[in-house]
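Residues per chain are reported as follows:
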Amino acid sequence: MFKSFELRLKGAALACCMLLGSLDVFAADNPSGAQAFEQLDHLLPTPTETRTASGAPGPEYWQQRADYRIDVRLDDEKQRLEGSAKITYHNRSPHTLSYLWLQLDQNILDPKSDSMLTSTAPGFEKMSYGRLGSLLARQEFNGGYTLSKVADGRGKPLSHQVVKTMMRVDLSEPLKPGMDFELQLDWSFNIVDAIAIGSRNGYEHFKDDDNYIYEIAQWFPRLVAYTDYEGWQHKQYLGAGEFTLELGDYVVNITVPADHVVAATGELANANQVLTSKQRQRLKKARNSDKPVFVVTPEDAKTNQSKKAKGTKTWTFEADNVRDFAWASSRKFIWDAMGVKSGDRTVMAMSFYPNEAEPLWSQYSTRSIAHTINVYSRYTFDYPYPTSQSINGPVGGMEYPMMTFNKPRPFPDKTYWDVTQKGDSESWSRSKYGLISVIIHEVGHNYFPMIVNSDERQWTWMDEGLNTFLQFIAEQEWEEEYPSRRGEPKNIAEYMSGAEGAMVPIMTNPESILQRGNNAYGKPATALNILRESILGRELFDFSFREYARRWKFKRPTPADFFRTMEDASGVDLDWFWRGWFYGTDPVDIELGQVKLYKLDTQNPELEKERLRKEKEEVVKTLSMQRYKDVEKLVEKYPELKDFYNERDEFSVTPYDYAQYEKLLKSLDDKEKLLLNTDKLFYTVEFHNKGGLVMPLPLRITYADSSVEQFTIPAEIWRRNAQQVTKLFIADQEITSIEFDPYLETADIDVSNNRWPKKPVETRFKLFKESAKPNHMLRMTEDGWKKEKNKAGEEPEKEADK
């Protein structure tokens, strides 16, 4: 026993470098460990000269482009829109194209769309007025495009085929690499009531003053992205999978009622024609202001909405290198603005909102835009556009280049909650933090995916997850203990445990995602936070993340490009991390198991015999032995029955003991004698991976003198056995407690088994008076709401819940 342990000690002592003197891992080879750390090569596309093995765009990288000149007219009487466009498509691919595909997103509002036909029945056990009204309004609304012209640049009609939310346009002759094609389109559609039906765009009607706020998006036929990895990305638009678009330059003329105020992607090109001299002066002042300045004051807006002017105005906006275009229009808008420095550029942060949004919006909206640009730019790149705008209207949270549609508003009495309450979605949506967070999130989308132009139709997490991760950072830099919903590992633990229903991997197409908010927003954001805080460290992570953002600025990355860039820039193999968090559904549940203490047998008979004496004295007397203590013993009655062994001190040191010890000492060299006399304590600690997801082991160890030591064991400890490992720690004094994940950094789903010795789980209970009301009238618990929600069939999370 001693020799084998001594050999182990000799070999390990040379490698003893950790704070605690942690030595070896007692783990046999196990296929599960090999599988957890298997490389991802076979799951990722083979690198090419288009997309390199480092995760960077290659020398042969290419990307299509589409430029738009659009004229659009808003009918404020009929809530209808008419538009015409000239689109120049640039074929920068190495392929010859015989047709083009365009997205017709408004067709999702056709009562016979696939989105409607494939929607499942709601739960009628608990049906709200709003839900029923929305169902009926959706059935009755005559939505979708009416196309009146599809022609080439000379006006010659082109053969085309509408396929639900897509349209194929057949070219009169093939479009070769390097060539351009001009397309002309005329269209119209009815604008949806976004409050009654719920939509990413539409109008809101205010009965008191009979005015509208229009938030217009997905409003013109847009070229489908054609890529090196997918070809035409023309997966049908069903609602959850958002948009994959080409970058281009836009000139858009928007004709609206003469008293409307318009906000849009890009810069206003004809301010002299549509703004008053006073508004232009205020806008100029705002550019150099460090706080929001009203361009249209609340009083101006009240006057404007009180009567309707005759005639129209045309607002012209220009935007360069954007992938989409959105706008908003209303005579109710207040408009405030301020300049924000980002690199060498001054960005105009601007907000548009009705008086119903006050006082919340003038205090927080534009400031939230400015804060987002400041924070995001530090972690990615300088904001490259001239404006960033936040619009309050019927859409709860949606993003476009330089444009975001956001809620909430205060209560009608102008009050609002300033804290959030778990399980109370109304509390969140009505709070100031709800407003700040949704603006940070939607403005943050300008970076992902408006500039880092990922494929939302295929990989929702690449924009929502990355953006939610940076949103968490921006929220924490807003104020201390900001009540972030997502990002903290502890907040995703319930979802990871499966308590909220079935899960699918993050790498799932958005139309097949279950629990969109957790899967596409919360889990990837949490994973990146863990990667930053607990695996790579902030400095290494931030460098790598910034490298990814800058490599793919105005380009189209895939998940493989992100994974490879993070590893390439950090120098750390993270395949185990991507596999577990993005390709799997296992949770983190590490149990701190048996702890054993080993002390070295010095073989010095004087020391060891005395130790054995004390150990015997400390042995607990059994109940039987205690009760037999006072019973008369036979050897006391008949002393002649005693012999040498009854009288001998079994712990006395004999000459033979001394001789054996001397013999041992003569056989040892000086180094071995030092080892034989070590007074170190050797602890072996078992860790059981009950959840299945391998993770680092952040530990906090407390000693007998109350000193504390903290460190993290890398995840590679699981590489030979992903179910169980035993770690050896060498201490100078007794360890009184060991804690795994003391700061809740791993999303462990069961913290009750994270401590040795085990600690009771403390909770509170409340007393209540019995109610005379029937059970069904009592307030439903949070668990009850979840059960009702599951009965009803969960719908994709709305953008407002970001």
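Residues numbered from 1 in each chain as written. Predicted model: local features only at pLDDT ≥ 70, side-chain atom pairs only at ≥ 80, totals over all residues. Heavy atoms only, no water.

## Thoughts on the pairing of strand E20 (residues 334-342)
Along E20, eight of the nine residues are buried, which leaves the element largely enclosed by surrounding structure. For strand E17 (residues 293-296) and E20, the ladder comprises three bridges, and the chain directions are antiparallel. Looking at E20, one finds that Val293 is bridged to Ala337. Relative to strand E21 (residues 345-353), E20 runs antiparallel, the two sharing nine bridges. Residue pairing for E21: Lys341 is matched across the bridge by Thr346. Hairpin connection of E20 to E21: two residues between the antiparallel strands, including Gly343 at a positive phi of 65°. (Buried < 20%, exposed > 50% of the residue type's maximum accessible area, 1.4 Å probe, protein only. Helix = DSSP H or I, 4+ residues; strand = E, 2+ residues; numbered from the N terminus. Pairing = 2+ DSSP bridges.)

## Remarks on the sheet that holds strand E9 (residues 202-206)
Pairing within the open sheet is antiparallel, and its four strands lie in the order E9-E10-E19-E15. Sheet topology places E9 and strand E15 (261-264) at the edges, where each strand pairs with a single neighbour. Strand-to-strand twist across the sheet, computed as the mean angle between neighbouring axes with direction ignored, equals 10°. Two elements, strand E10 (residues 211-216) and strand E19 (residues 327-330), share three bridges in a ladder whose sense is antiparallel. For Ile216, the partnering residue across the bridge sits in E19 and is Trp327. (Axes fitted to C-alpha atoms, helices over the stretch in contact; angles between N-to-C directions.)

## Regarding the packing of aromatic side chains
Scanning all chains against the criterion turns up 49 aromatic pairs. The interplanar angle of 10° and the centroid separation of 4.6 Å between the aromatic rings of Tyr68 and Tyr250 together place this pair among those described as stacked. Of this pair, Tyr68 sits in strand E2 (residues 65-75) while Tyr250 sits in strand E14 (residues 248-257); the two residues are 182 residues apart in sequence, bridging distant segments of the chain. A single burial state applies to Tyr68 and to Tyr250, both of which are buried. Considering the side-chain rings of Phe563 and Trp578, the 4.6 Å spacing of their centres and the 25° angle between planes classify their relative orientation as stacked. With Phe563 in helix H15 (residues 559-570) and Trp578 in helix H16 (residues 575-582), the pair connects residues that are 15 residues apart, well separated along the chain. No difference in accessibility class separates Phe563 from Trp578, as the two residues are buried. (Phe/Tyr/Trp six-rings, centres within 6.5 Å; stacked < 30°, edge-to-face > 60°.)

## So, the nonpolar core
Core analysis: the biggest nonpolar cluster contains 187 residues, and Trp219, Trp327, Phe562 and Trp581 have the highest contact counts within it. Looking at this core, the element that brings in the most residues is helix H8 (residues 360-379), giving nine residues. Within the second largest apolar cluster, five residues are counted, among which are Tyr661, Leu664, Leu668 and Leu676. (Core = buried A, V, L, I, M, F, W, Y, C linked by side-chain atoms within 4.5 Å.)

## A closer look at the sheet that holds strand E3 (residues 80-90)
With respect to topology, seven strands assemble into an open sheet ordered E5-E8-E3-E2-E14-E18-E16, the strand pairing being mixed. Edge positions in the sheet fall to strand E5 (146-152) and strand E16 (267-268), since each of these pairs with one other strand and no more. In terms of strand pairing, E3 meets strand E8 (residues 180-190) through 11 bridges, oriented antiparallel. In the strand pairing of E8, Ala85 is matched with Leu185.

## Concerning the environment of Trp232
Inspection of the secondary structure assignment puts Trp232 in strand E13 (residues 231-232). The buried category is assigned to Trp232, whose relative accessible area is 10%. Once the C-alpha coordinates of Trp232 and Leu102 are considered, the two residues, 130 residues apart in sequence, prove to be 9.7 Å apart. The residues contacting Trp232, other than those within four sequence positions of it, are Tyr89, Leu97, Tyr99, Leu100, Trp101, Val224, Ala225 and Tyr226. (Contact = heavy atoms within 4.5 Å.)

## So, the packing of H8 against helix H11 (residues 461-476)
Interaxial distance between H8 and H11 falls to 10 Å at its minimum, and their mutual angle equals 115°. Of the two elements, H8 crosses H11, and the hand of that crossing is right-handed. Taking contact as the criterion, the partners of His371, Val375, Tyr376 and Tyr379 in H8 are, on H11, Asn467, Leu470, Gln471, Ile473 and Ala474. (Left-handed = near helix turned anticlockwise from the far one by under 90°.)

## Some points on the pattern of salt bridges
Considering all chains together, one arrives at 37 salt bridges under this definition. As a salt-bridge pair, Arg51 and Asp561 come within 2.6 Å of each other at their nearest N and O atoms. Note that Arg51 is positioned in the loop between helix H2 (31-36) and E2 and Asp561 in helix H15, a separation of 510 residues in sequence. For the pair Arg51 and Asp561, one class covers both residues: buried. A salt bridge links Glu242 to Arg516, with the shortest nitrogen-to-oxygen separation between them at 3.0 Å. Of the two residues, Glu242 sits in the loop between E13 and E14 while Arg516 sits in helix H13 (residues 516-536), which places them 274 residues apart along the sequence. Using a relative accessible area of 2% as the deciding quantity, one classes Glu242 as buried. For Arg516, a relative accessible area of 4% translates into the label buried. Connected through shared salt-bridge partners, Arg532, Glu533, Arg538 and Asp542 make up one network. (Salt bridge = Lys/Arg side-chain N within 4 Å of Asp/Glu carboxyl O.)

## Considering the packing of H11 against H13
Running from N to C, H11 and H13 cross one another at 55°; their axes reach a closest spacing of 8 Å. Taken together, the axis directions place H11 and H13 in an arrangement best described as oblique. Note on packing geometry: the crossing formed by H11 with H13 is right-handed. Contacts between H11 and H13 involve Trp461, Glu464, Gly465, Leu466, Thr468, Phe469, Phe472 and Ile473 on the former and, on the latter, Arg516, Ala520, Tyr521, Pro524, Ala525, Leu528, Asn529 and Arg532. A breakdown of the residues in the contact of H11 with H13 according to their chemical character gives 10 nonpolar, three polar and three charged. (Parallel < 35°, antiparallel > 145°, perpendicular 65-115°, else oblique. Nonpolar A, V, L, I, M, F, W, Y, C, P; charged D, E, K, R; others polar.)

## Notes on a nonpolar patch on the surface
Nonpolar side chains collect at one region of the surface, where Leu634, Tyr638 and Leu641 lie side by side and expose about 290 Å² of accessible area between them. With respect to the secondary-structure elements, Leu634 resides in helix H19 (residues 634-637). (Patch = residues over 30% accessible without salt bridge, like charges linked within 9 Å, V, L, I, M, F, W, Y side chains within 5 Å. Areas by Shrake-Rupley, 256 points an atom, 1.4 Å probe, with all protein chains shown as cover.)

## What to know about the confidence of the model for the protein
Interpreting fine coordinate detail is not advised for predicted regions of low pLDDT. For the protein, the average pLDDT comes to 90, and 90% of its residues sit at 70 or higher. Here residues 1-29 scores under 50 on pLDDT; set against residues more than four positions off or in separate chains, the count is 52 contacts. In this model residues 420-429 is a low-confidence stretch, pLDDT under 50, and it forms 16 contacts with partners more than four residues away in sequence or in other chains. (pLDDT = per-residue confidence, 0-100.)

## A closer look at H13
Residue Gly522 marks the point of greatest curvature in H13, where the axis turns by about 30°; the proline Pro524 follows within four residues. Judged by how many residues are buried, H13 sits mostly within the fold: 19 of 21 residues are covered. Residue Gly537 follows H13 closely and has a positive phi angle near 90°. (Bend = angle between axes of the 7 residues up to and from the residue.)

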